[in-house]
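Residues per chain are reported as follows:
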Amino acid sequence: MYIDTHLHLDEPWLTDEKLRQKTIQDITENKIVTWAQACDLSGYQKIIEWSKMSEYIFPSFGILPWYANEWMDKLDEVARYCEDAIMFGEIGLDEGSSRNTASKKEQEALFEVFLEVAEKNNMIMNCHFRGGLEERGLELLNSYEIKKGIFHHYSGPPKMIEKINDNGHYISYGSSKYVNISKALKGYLAKRVPKVNDDFLIIEIDVLHREEDYKPPSAVIPKILEVLAEAKKTTSEEIETMNQRNVLRMIGDDPKLKEMRDLLS
Ligand SMILES: [Zn+2]
């Protein structure tokens, strides 16, 4: 059974309602356990509604670091939503893509709201660390007792991968760009994917192509497995098994993830 640990069903990446419905239908028909990522509170509320349309879609609560400044006087509200969420993402640190580039302090304050609840309830955290803040992200995860941290499409220095895994954190790779993969992306993956420990590699789609390049998740995932298998010098089946094994370990005996566990076992 396919598992996609990071997908955006909402704006600004999936704006066409017809494509969204096609995606939800594809996920259901092909039984793809999908962790739908939220970029902010209004997106999260939409994702909750869409997740009711398919037993395979699970909503994740997150606010992208780019929007951190807007949430400084509403951190209590964020904390209340955190208590009800079943998992977290997409959250993290990223000054480079931020609307307000000098927002590291605010980004950390927002991220720490999620860290506190994740530590208390032992929750999955789908983290976006970019622009040189990967090391700081690792420090923050380690300053709390986070056992299910994910470095989503890790893009920092390859030499840090071993340290991330040694500290018990997962790394996800995958993209709809892998369908027609460029030489540059292949080279980028060749430097990183082989370094990921088999016990910590998971897969994701992240963003689906729009309009004429659109391919549903069931067509994208086999290509992702193939690309990662080539990078890791193994088979697609082995990557899929790795993904299932690692995701099941993260789900563990979390009562909030019982429905997901039942689908996978
Ligand atoms: Zn994402």
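Structure's up top.
I will try to describe carefully the structure that is included in this document. Only a predicted model underlies this, so the values are computations on that prediction, with no experimental measurement involved.

What to know about the pairing of strand β7 (residues 170-173)
Across a regular strand the side chains alternate sides, sitting on one face of the sheet and then on the other.
For step 1, the next point in the chain: The two faces of β7 match: Tyr 170 and Ser 172 on one face and Ile 171 and Tyr 173 on the other face are all buried.
For step 2, the next point in the chain: Once the chain exits strand β6 (residues 149-152) it traverses helix α6 (residues 161-166) before rejoining the sheet at β7, and the crossover so formed is right-handed.
For step 3, the next point in the chain: Note: β7 against strand β8 (residues 201-203), 3 bridges, orientation parallel. Directly across from Ile 171, in β8, lies its bridge partner Leu 201.
For step 4, the next point in the chain: This β-α-β element, β7 to helix α7 (residues 183-192) to β8, shows right-handed connectivity.

Quick notes on the pattern of salt bridges
For step 1, the next point in the chain: Under the defined criterion, the tally for this structure stands at 14 salt bridges.
For step 2, the next point in the chain: Residues Glu 17 and Arg 20 are paired through a salt bridge, measuring 2.7 Å at the closest nitrogen-oxygen approach. Here Glu 17 and its partner Arg 20 are both found in helix α1 (residues 17-29), 3 residues apart, which amounts to about one turn of the helix.
For step 3, the next point in the chain: One salt bridge in this structure joins Lys 258 and Asp 262, with 2.6 Å as the shortest N-O distance.

Describing the layout of surface pockets
For step 1, the next point in the chain: By volume, the largest pocket is sized at about 410 Å³.
For step 2, the next point in the chain: For the lining of the largest pocket, a count of residues per class yields 7 nonpolar, 8 polar and 5 charged.

Regarding the packing of helix α4 (residues 104-121) against helix α5 (residues 134-143)
For step 1, the next point in the chain: Packing of α4 against α5 leaves a shortest axis separation of 11 Å and a crossing angle of 35 degrees. By crossing handedness, the relation of α4 to α5 is classed as right-handed. Only Arg 136, Leu 140 and Leu 141 of α5 make contact with α4, whose side of the interface consists of Lys 104, Glu 108, Phe 111, Glu 112 and Leu 115.
For step 2, the next point in the chain: Looking at the contact of α4 with α5, its residues break down into 4 nonpolar, no polar and 4 charged.

Points about the sheet that holds strand β5 (residues 125-129)
For step 1, the next point in the chain: A sheet is described by the order of its strands in space; here 5 strands give the open sequence β4-β5-β6-β7-β8, paired in parallel fashion. Where the open sheet ends on each side, the last strands, each with one partner, are β4 (88-93) and β8. Shown here is a sheet whose adjacent strand axes are inclined to one another by a mean of 35 degrees, direction ignored.
For step 2, the next point in the chain: Both β5 and β6 contribute to a ladder of 3 bridges, which runs parallel. When the sheet's bridge partners are listed, Asn 126 is paired in β6 with Ile 150.
For step 3, the next point in the chain: Of the strands in this sheet, β4 and β5 are in contact with α4, which crosses β4 at around 140 degrees.

Description of the coordination of the zinc ion
For step 1, the next point in the chain: At 2.1 to 2.5 Å from the zinc ion lie its protein donor atoms, namely His 6 (NE2), His 8 (NE2), Glu 90 (OE) and Asp 206 (OD).
For step 2, the next point in the chain: Classification of the site at the zinc ion rests on its 4 donor atoms, whose angles at the metal span 85 to 173 degrees, yielding the label irregular.
For step 3, the next point in the chain: Counting along the primary sequence, the residues that act as donors to the zinc ion give the motif H-x1-H-x81-E-x115-D. Within this pair, whereas His 6 is found in strand β1 (residues 3-7), its partner Glu 90 is found in strand β4, the two being separated by 84 residues in sequence. Glu 90 matches His 6 in its accessibility class, with the two residues each being buried.

With respect to unusual backbone geometry
For step 1, the next point in the chain: At the junction of Glu 11 and Pro 12, the peptide bond is cis and its omega measures out at 0 degrees in the coordinates.
For step 2, the next point in the chain: Along the chain, Pro 12 turns up in the loop between β1 and α1.
For step 3, the next point in the chain: If you check the backbone angles, Asp 206 has positive phi at about 70 degrees while not being a glycine.
For step 4, the next point in the chain: Following the sequence through the fold, Asp 206 ends up in the loop between β8 and α8 (217-232).

Brief notes about the nonpolar core
For step 1, the next point in the chain: Among the nonpolar cores identified, the biggest contains 94 residues, and Phe 61, Phe 88, Phe 111, Phe 114, Met 125 and Tyr 173 are the most heavily contacted of them.
For step 2, the next point in the chain: Ranked by residues supplied to this core, first place goes to α8 with 8 residues.

Quick look at the side chain of Asn 243
For step 1, the next point in the chain: For Asn 243, the position within the fold is in helix α9 (residues 236-251).
For step 2, the next point in the chain: The contact partners of Asn 243, leaving out residues within four places of it in the chain, are Ile 3, Thr 5, Leu 201, Ile 202 and Ile 203.

The rules behind these values
Residues numbered from 1 in each chain as written. Predicted model: local features only at pLDDT ≥ 70, side-chain atom pairs only at ≥ 80, totals over all residues. Heavy atoms only, no water. Buried < 20%, exposed > 50% of the residue type's maximum accessible area, 1.4 Å probe, protein only. Helix = DSSP H or I, 4+ residues; strand = E, 2+ residues; numbered from the N terminus. Right-handed = clockwise from strand over helix to strand, strands pointing away. Pairing = 2+ DSSP bridges. Salt bridge = Lys/Arg side-chain N within 4 Å of Asp/Glu carboxyl O. 1 Å grid on protein atoms, 1.4 Å probe; cavity = no way out; pocket = protein on both sides within 12 Å on 5 of 7 lines; lining within 4 Å. Points joined across faces, edges and corners; volume = space filled by probe spheres on them. Nonpolar A, V, L, I, M, F, W, Y, C, P; charged D, E, K, R; others polar. Axes fitted to C-alpha atoms, helices over the stretch in contact; angles between N-to-C directions. Left-handed = near helix turned anticlockwise from the far one by under 90°. Contact = heavy atoms within 4.5 Å. Donors = N, O, S within 2.8 Å, 3.2 Å for Na, K, Ca; no water. Tetrahedral: all angles 85-135°; square planar, octahedral: opposite > 155°, others 65-115°. Core = buried A, V, L, I, M, F, W, Y, C linked by side-chain atoms within 4.5 Å.

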